[in-house]
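As a plain string of letters, each chain reads:
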Amino acid sequence: MNIERETLLEMQRRMLRIRRFDERCSKLVKFGHIPGTVHTSIGQEAQVVGATVALGPEDYMTGNHRSHGHPIGKGSNLGPLMAELFGKATGVCGGKGGSLHLADFSVGSLGESGIVGSSIPIATGAALTAKVKGTGRVSLAFFGDGASNQGGLYESMNLASVWGLPVVFLCENNQYALSTPAHTVTAGVVAERAAGFDLPGVRVDDGQDVLKVYEAVRIAICRARAGEGPSLIEVMTYRFNEHSEGLRLGVDYRNADERDLWRSRDPIEIFRAWLIGNGVASATALDAMDEEVLAEVEAAVEFAEESPDPDAATAFRDLYTEPFGVTA
Amino acid sequence: MSILSYLGAIGAAQREAMQADEDVIIIGEDVEANVYGTTGGKSRADKGDFLTLFGPNRIRNTPISEEVIVGAAAGAAMTGLRPIVDLSYSSFMYLAFDQLVNQIAKNRYMFGGQASIPLVIRSAMFYGLSTGAHHSDRPYPMLMNVPGLKIITPASPRDAKGLLRSAIDSNDPVICFEACPLWGMKEDVPDEEYRIPLGQAKTVFEGSDVTIVAISGTVPEAWKAATKLRKEGISAELIDPRTLVPLDHRAIMDSVARTGRLVIADPAHRTCGAAAEISAIVAEEAFDSLKAPIVRVATPDTQIPFAPVLEGQLYPNAKRIEDAANRVLGLGPKERETQ
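Just so you know, these numbers come straight off a predicted model, no measurement behind them. (Residues numbered from 1 in each chain as written. Chains lettered and ligands numbered in written order. Predicted model: local features only at pLDDT ≥ 70, side-chain atom pairs only at ≥ 80, totals over all residues. Heavy atoms only, no water.)

A few points about the overall build of chain A
Counted only if it meets this: Secondary structure elements follow DSSP: runs of H or I of four or more residues count as helices, runs of E of two or more count as strands, with numbering from the N terminus. Values of the radius of gyration come from C-alpha atoms, whereas the globule rule sets the reference at 2.2 Å times the count of residues to the power 0.38. Type-normalised accessible area, obtained with a 1.4 Å probe on protein chains alone, sets the label of each residue: buried when under 20%, exposed when over 50%, and partly exposed for intermediate values. The contact criterion used is simple: two residues touch if any of their non-hydrogen atoms lie within 4.5 Å. All accessible-area figures derive from a Shrake-Rupley calculation using a 1.4 Å probe, and residue coverage is judged against the displayed protein chains alone. Only four residue types enter the tally: Lys and Arg on the positive side, Asp and Glu on the negative side; His and the chain ends are excluded. For this purpose, a charge sits on NZ of Lys, CZ of Arg, CG of Asp or CD of Glu.
Regarding its fold elements, chain A presents eleven helices and seven strands. In terms of C-alpha radius of gyration, chain A reaches 19 Å, essentially the compact-globule figure of 20 Å for 328 residues. In chain A, which comprises 328 residues, the share counted as buried stands at 58%. Pairs at least 24 residues apart make up 74% of the contacts formed inside chain A by residues separated by at least 6 positions. As displayed, chain A offers around 12500 Å² of accessible surface, 52% of which is attributable to carbon and sulfur atoms. Seen as two clouds, the 30 positive and the 43 negative side-chain charges of chain A have centres 1 Å apart.

Set out below in structure tokens:
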């Protein structure tokens with residue numbers, strides 16, 4: 001694998017962006033500056049960025065409720081994302097989507113989804129457009145281990161396989177569907193289910209290593225772009241925070257030893273050591289990068305705070321392209 | 001002009017739209033079987049076979065997987081295609097409700113206008129044909145309650161062609177509910193391309209004593225009722241809304257303002273049906289015009305049985321519509337439509 005230095009550094013930068021953005025979000029939710037709640041990608045940055053960096057800027061992507069990492073990883077500007085979380089007029093969705101429904105079409109992000117598994121058919125449809133029109137674009141569907149038990153995934157895998165659609169199904173297996181351990185509700189291995197649909201299924205056991213994720217996704221994308229059809233990739237990872245910020249459950253469904261073990265496998269620390277060890281960047285340069293990202297996040301928060309609330313009338317806008325009735 | 005069946009008119013609209021724009025595709029179960037062949041001839045091409053005309057890249061025959069058929073069509077529509085989904089029996093759409101309600105209806109809105117979803121879903125209501133409870137649904141009222149969708153219910157070949165073409169041209173998602181008892185209905189249909197704007201009702205019959213608003217498959221029944229009433233000296237005005245979302249309030253209101261009496265025939269179930277919505281609108285906006293209570297003639301709130309003798313009594317027919325008109329005119333029978 002020969003990856004350009006710029007790409008390697010961009011991977012670390014995007015992982016840092018996700019980490020610092022979500023750390024800030026967590027606090028902002030706690031203090032009520034962000035309404036509702038958020039689901040952070042802290043701990044899963046390698047799994048996200050390994051995939052989004054492997055995609056081209058023209059490629060499509062759909063996601064789920066753990067929603068900030070995907071557009072950030074795909075290259076979205078942080079300001080409009082943060083403003084969306086604040087419910088401001090300058091938000092990427094004008095304040096109508098919020099954390100759960102981020103979408104940034106300018107970077108190929110066709111939408112996160114609050115319904116588990118629901119965006120997988122959408123990604124499949126984006127791949128259908130690519131196939132019918134011969135655009136050469138690829139589509140990637142992010143979904144969790146919980147969604148791997150939704151029927152729509154298998155309808156999508158089957159259709160994509162028989163039609164040879166350029167789509168990558170990427171299971172972010174963080175091992176818990178909210179509080180439910182995946183192994184208690186999931187028969188067998190998710191990646192192995194691909195065999196039933198006659199498509200490649202790959203499991204990345206160390207999803208904390210961005211390069212391992214990148215390599216698996218890169219192969220799947222090359223295959224899709226070459227007209228060889230879809231792939232399923234299962235990436236083993238772990239979320240460091242609670243399912244959603246502020247959630248307090250009556251049971252400790254993940255024990256402290258397990259949490260400590262995974263926290264010691266921090267994707268950003270792992271890749272930082274690799275970049276330094278391989279002479280790609282110095283510790284000083286990476287510290288400076290972190291500072292830049294922190295400043296970027298602060299600027300995004302400032303942008304969100306200073307942005308105006310949406311005009312009340314916009315609650316009736318953007319429903320139809322040809323509006324009528326209350327939407328006119 | 002050519003004499004076309006309702007189904008032939010549906011085929012004509014799709015064929016013309018596909019010829020005009022290569023982004024239009026058809027996706028659904030058994031779409032290669034081509035049920036629209038209406039133009040005669042010996043070869044498949046002569047008969048207007050879609051697969052021959054447009055090829056398998058644009059005629060997408062699917063597995064039986066309604067969720068991904070509808071979801072993939074949505075994703076395709078969000079990225080540059082204009083899919084027509086043939087969703088077959090209307091009760092099959094429940095398997096795709098998540099995609100319909102959570103994605104198609106909401107994505108443009110949730111994403112602040114970034115998405116447009118130029119998508120048509122054709123949904124066939126096979127009621128009255130002894131297909132039993134799993135194949136006889138008329139589910140448009142459920143979707144009238146979902147902002148973000150548009151709904152058409154053509155009731156004649158001419159309207160079917162013009163409305164479907166507008167639906168395909170629209171950049172918003174449109175669901176076309178087709179009453180299958182009307183599929184064989186024939187009339188002169190213009191050969192050239194034409195469009196009937198969404199949201200424009202049609203006055204089928206002008207009249208001054210009572211307004212009958214009839215929806216989808218009840219339109220021919222209401223026509224029979226209005227003709228019979230005319231022979232008895234009663235002048236009934238018959239309005240077909242044609243589009244339920246957006247609904248042409250003005251046409252209904254103007255008619256009720258003149259007649260002061262309203263009967264609504266609706267093949268959907270009575271509770272929260274299209275007739276219920278129209279009744280509420282008229283009661284709110286034109287109460288002072290009303291000389292008698294509004295009467296709904298709908299399908300009673302029971303499931304659809306198989307036996308023809310059981311099923312046949314349930315849907316609004318000419319007799320029930322005529323009785324309802326007589327009742328709002330104070331001419332009896334006194335028995336109320338309450339089921």
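Details of the overall build of chain B
Helix and strand counts for chain B stand at twelve helices and 14 strands. Computed over the C-alpha atoms, the radius of gyration of chain B is 20 Å, within 12% of the 20 Å expected from 2.2 N^0.38 for a compact globule of 339 residues. Scored against the burial criterion, the 339 residues of chain B give a buried share of 61%. Sequence separation of 24 or more characterises 80% of the internal contacts of chain B that already satisfy a separation of 6 or more. Accessible area of chain B: about 12600 Å², with a carbon and sulfur share of 52%. Computed over 34 positive and 42 negative side-chain charges, the inter-centroid distance for chain B is 4 Å.

Observations concerning the interface of chain A and chain B
Interfaces are frequently sized by the accessible area removed from exposure as the parts join. To be explicit about the condition: In short, buried area is how much 1.4 Å probe accessible area vanishes from two parts on joining, totalled over both. Should a side-chain nitrogen of Lys or Arg be within 4 Å of a carboxyl oxygen of Asp or Glu, the pair is scored as a salt bridge. What qualifies as a polar contact is a pair of N or O atoms within 3.5 Å, subject to a donor-acceptor requirement within protein and to the restriction that residues adjacent in sequence count only when both atoms come from side chains.
Taken together, the 43 residues of chain A in the interface contact 45 residues of chain B. In total, about 3600 Å² of surface goes out of reach between chain A and chain B, with carbon and sulfur atoms giving 61% of it. On inspection of chain A and its partner chain B, the count reaches two salt bridges. The closest approach of N and O atoms between Lys133 of chain A and Asp23 of chain B, which form a salt bridge, is 2.6 Å. Where chain A meets chain B, there are 23 residue pairs in polar contact (both at pLDDT 80 or more).

Observations regarding helix 6 (residues 151–163) of chain A
We count it as follows: Expected span of a helix, by definition, is 1.5 Å for each gap between consecutive residues, and there is one gap fewer than residues.
For helix 6 of chain A, spanning 13 residues, the distance from its first C-alpha to its last is 18 Å, which sits close to the expected 18 Å at 1.5 Å a residue. Gly164 of chain A lies just past helix 6 of chain A and shows a positive phi near 60 degrees.

A look at the sheet that holds strand 10 (residues 210–214) of chain B
Residue and element names in this part refer to chain B. For clarity, the cut-off: Two strands are counted as paired when DSSP detects at least two bridges linking them. Angles shown run from 0 to 180 degrees and are taken between the N-to-C directions of axes, each axis being a line fitted to C-alpha atoms and, for helices, limited to the stretch in contact.
Strand order in the open sheet made by the five strands is 9-11-10-13-14, with mixed pairing throughout. Lying at the two open borders of the sheet, with one neighbouring strand each, are strand 9 (202–205) and strand 14 (295–299). Taken pair by pair, the neighbouring strands of this sheet meet at an average axis angle of 25 degrees, ignoring direction. Both strand 10 and strand 11 (residues 236–240) contribute to a ladder of four bridges, which runs parallel. Paired with Thr211 across the strands is Glu237, a residue of strand 11. With respect to the sheet, helix 10 (residues 274–285) is in contact with strand 10, strand 13 (262–269) and strand 14, its orientation differing from that of strand 13 by roughly 150 degrees. Packing against the sheet, helix 12 (residues 318–328) makes contact with strand 10, strand 13 and strand 14, and its axis sits at approximately 165 degrees to strand 14.

Topic: the domain arrangement of chain B
Residue and element names in this part refer to chain B. Convention followed: The domain limits used here are those given by an automatic or database domain assignment. Ten residue types, Ala, Val, Leu, Ile, Met, Phe, Trp, Tyr, Cys and Pro, are classed as nonpolar, four, Asp, Glu, Lys and Arg, as charged, and the remainder, Gly among them, as polar.
Split by domain assignment, chain B resolves into domain 1 (2–189) and domain 2 (202–328). A straight line from the C-alpha centre of domain 1 to that of domain 2 covers 26 Å. Contacts between the two partners involve 25 residues from domain 1, matched on the other side by 28 residues from domain 2. Where domain 1 abuts domain 2, roughly 2100 Å² becomes buried across the two surfaces, and 58% of that area is made up of carbon and sulfur atoms. One can count two salt bridges joining domain 1 with domain 2. Applying the counting criterion to the domain 1 and domain 2 interface returns 14 residue pairs in polar contact (both at pLDDT 80 or more). Breaking the side of domain 1 that touches domain 2 down by element, the ones donating at least two residues are helix 6 (140–144), strand 6 (150–152) and helix 7 (157–169). Its residues assigned to classes, the side of domain 1 that touches domain 2 shows 16 nonpolar, six polar and three charged.

Overview of the side chain of Asp98 of chain B
All names here are of chain B. Within the element layout of this structure, Asp98 appears in helix 4 (residues 97–104). Buried charge without a partner: Asp98 forms no salt bridge, and the closest opposite charge is Lys106, 7.4 Å away. A distance of 2.6 Å separates polar atoms of two side chains, one belonging to Asp98 and the other to Asn102.

Thoughts on the packing of aromatic side chains
Definition in use: Pairing of aromatic rings covers Phe, Tyr and Trp, the last through its six-membered ring, and needs centres within 6.5 Å; plane angles under 30 degrees mean stacked, over 60 mean edge-to-face, and all others mean tilted.
Tallying each qualifying case throughout the model produces 15 aromatic pairs over all chains. An angle of 10 degrees between the planes, with centres 5.3 Å apart, marks the rings of Tyr238 of chain A and Trp262 of chain A as stacked. Of this pair, Tyr238 of chain A sits in the loop between strand 7 (231–236) and helix 9 (256–263) while Trp262 of chain A is found in helix 9, placing the two residues 24 residues apart along the sequence. Residue class for Tyr238 of chain A comes out buried when judged on its relative accessible area of 1%. Between Phe50 of chain B and Phe54 of chain B, the ring centres sit 5.6 Å apart and the planes meet at 65 degrees, which makes this aromatic pair edge-to-face. Here Phe54 of chain B and Phe50 of chain B lie together in helix 2 (residues 50–54), a separation of four residues that amounts to about one turn. Both residues of the pair, Phe50 of chain B and Phe54 of chain B, count as buried. Chaining the aromatic ring pairs together yields one cluster made of Tyr176, Tyr238, Tyr253 and Trp262 of chain A.

So, the environment of Ala72 of chain B
With respect to the helices and strands, the residue Ala72 of chain B is situated in helix 3 (residues 66–77). Judged by relative accessible area, Ala72 of chain B falls into the buried class, the value being 1%. Apart from residues no more than four positions distant in its own chain, Ala72 of chain B is found in contact with Pro121, Thr124, Gly125 and Leu159 of chain A.

Observations concerning the pattern of salt bridges
Under the defined criterion, the tally for this structure stands at 39 salt bridges over all chains. Of the charged contacts, one joins Glu292 of chain A and Arg13 of chain A as a salt bridge, the two residues approaching to 3.0 Å between their closest N and O atoms. You can see Glu292 of chain A sitting in helix 11 (residues 283–306) and its partner Arg13 of chain A sitting in helix 1 (residues 5–30), a full 279 residues away along the chain. Judged by its relative accessible area of 42%, Glu292 of chain A falls in the partly exposed class. Linking Asp266 of chain A and Arg19 of chain A is a salt bridge whose minimum nitrogen-to-oxygen distance equals 2.9 Å. Residue Asp266 of chain A is found in the loop between helix 9 and helix 10 (267–277), and its partner Arg19 of chain A is found in helix 1; the two are separated by 247 residues along the sequence. A relative accessible area of 12% means that Asp266 of chain A is categorised as buried. Counted as one network, the salt bridges with shared partners bring together Glu16, Lys161, Arg165, Asp169, Glu193 and Arg195 of chain B.

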